[in-house]
Amino acid sequence: MLKVGDQLPQFEGINQDGETINSEKLLGKKLVIFFYPQASTPTCTVEACNLSDNYSQLEQAGFQLLGISGDTVKKQKNFHSKFAFPYDLIADESRDVIEKFGVWQEKKTFGKTYMGIVRTTFIFDEKGICTRVIEKVTSKTAAAQILEE
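Sequence positions are assigned chain by chain, starting from 1 and proceeding in written order. Only residues with pLDDT of at least 70 get local features here, since the model is predicted, and only at 80 or more are side-chain atom pairs given and counted; chain-wide, interface and lining totals rely on the full set of residues. The side-chain numbers reported here are obtained from all heavy atoms of the structure, hydrogens and water having been left aside.

A.B. asks: Explain the overall build of the protein chain to me, using residue names and the numbers behind them.
C.D. replies: Helical segments are the DSSP runs of H or I of at least four residues, strand segments are the runs of E of at least two, and each set is numbered from the N terminus. Check the secondary structure of the protein chain and you find five helices and nine strands. Taken over the C-alpha trace, the protein chain has a radius of gyration of 14 Å; the compact-globule value for 149 residues is 15 Å, and the two agree within 12%. Think of it in three bands: with a 1.4 Å probe and only protein chains considered, a residue is buried below 20% of the maximum accessible area for its type, exposed above 50%, and partly exposed in between. For the protein chain, the residues scored as buried account for 46% of the 149 residues in total. Put simply, 62% of the contacts in the protein chain that link residues at least 6 apart link residues at least 24 apart. A total accessible area of about 7,700 Å² is found for the protein chain, and carbon and sulfur atoms account for 49% of it. All tallies of charge rest on Lys and Arg as positive and Asp and Glu as negative; His and the ends of each chain are not included. Charge placement uses NZ in Lys and CZ in Arg. For Asp and Glu, CG and CD serve respectively. Averaging the coordinates of the 18 positive side-chain charges in the protein chain and doing the same for the 20 negative ones gives two points 6 Å apart. Atoms considered for the radius of gyration are the C-alpha atoms alone. The globule rule reads 2.2 Å times the number of residues to the power 0.38. Only heavy atoms matter for contacts: two residues are in contact if any of them lie within 4.5 Å across the pair. Computed with a 1.4 Å probe, the accessible areas rest on the Shrake-Rupley method; for each residue, only the protein chains presented here act as cover.

Here you go:
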């Protein structure tokens, strides 16, 4: 998994509108990239809505946001439209970006072991250096976790 001090990996991803997002164009502002397991599931919805509800505070603190999961563009579009998120969601079906950040890991739920996205938030400075990794994301207070630097 990416750690503090690491450089933002170079990547391109397709957002909910089918547009290409290039990581190099995200430099110059503080950046929050949050990975979530699946669009429109209860915990992921709580996290994404918390970030949306507190977006103006995050923006005032100088952050831009980007959400990433392995969902299809269509699923991301539906999720994005339903809740009118003020930030982009990337559909990473190939798991290219997910793998670069190291969040595709073994998980255990109800005694079953499987591979999946580990809910993680990465914070980068204006130069693309990772300044913080939040591994224990609390969905209901995701924005507060980011702002508590």
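A.B. asks: Break down the pattern of salt bridges for me, citing the residues and quoting the values.
C.D. replies: Within this document, salt bridges are pairs made up of a side-chain nitrogen of Lys or Arg and a carboxyl oxygen of Asp or Glu, the two lying within 4 Å of each other. Under the counting rule described, the total for this entry stands at six salt bridges. The partner of D17 in a salt bridge is K77, and the shortest N-O contact between them spans 2.8 Å. Highlighted residues: D17 in the loop between β1 (12-15) and β2 (20-22) and K77 in helix α3 (residues 73-83), separated in sequence by 60 residues. Residue classification places D17 among the partly exposed residues on the basis of a relative accessible area of 42%.

A.B. asks: Give me the lowdown on the state of the cysteines, citing residues and values where you can.
C.D. replies: Here, a disulfide means two cysteine sulfur atoms that sit within 2.5 Å of each other. The tally for this structure, following the rule as stated, stands at zero disulfides. Of the cysteine sulfurs around C44, a residue in no disulfide, the closest is that of C49, at 11 Å.

A.B. asks: Hey, could you go over unusual backbone geometry for me, with residue numbers and the actual values?
C.D. replies: Peptide bonds are mostly trans, and most non-glycine residues show a negative phi. With a phi close to 50°, A84 is a non-glycine residue in the positive phi region. Along the chain, A84 falls in the loop between α3 and β5 (88-91). Backbone geometry at R95 places phi at a positive 65°, although glycine is not the residue there. Within the secondary structure layout, R95 lies in the loop between β5 and α4 (96-101).

A.B. asks: Residue-level account of the sheet that holds β5, with values.
C.D. replies: With respect to topology, seven strands assemble into an open sheet ordered β2-β1-β5-β4-β3-β8-β9, the strand pairing being mixed. The sheet is open, and its two borders are formed by β2 and β9 (130-134), each paired with just one other strand. Sheet twist, expressed as the average angle between the axes of neighbouring strands with direction ignored, equals 30°. A pair of strands counts as paired when DSSP detects no fewer than two bridges linking them. Bridge count between β1 and β2: three bridges; the pairing is antiparallel. Paired with G13 across the bridge in β2 is I21. To get an axis, a line is fitted to the C-alpha atoms, and for a helix only the part in contact is used. The angle between two axes follows their N-to-C directions and goes from 0 to 180 degrees. Docked against the sheet, α3 engages β1, β4 (63-69) and β5, running at close to 160° with respect to β5.

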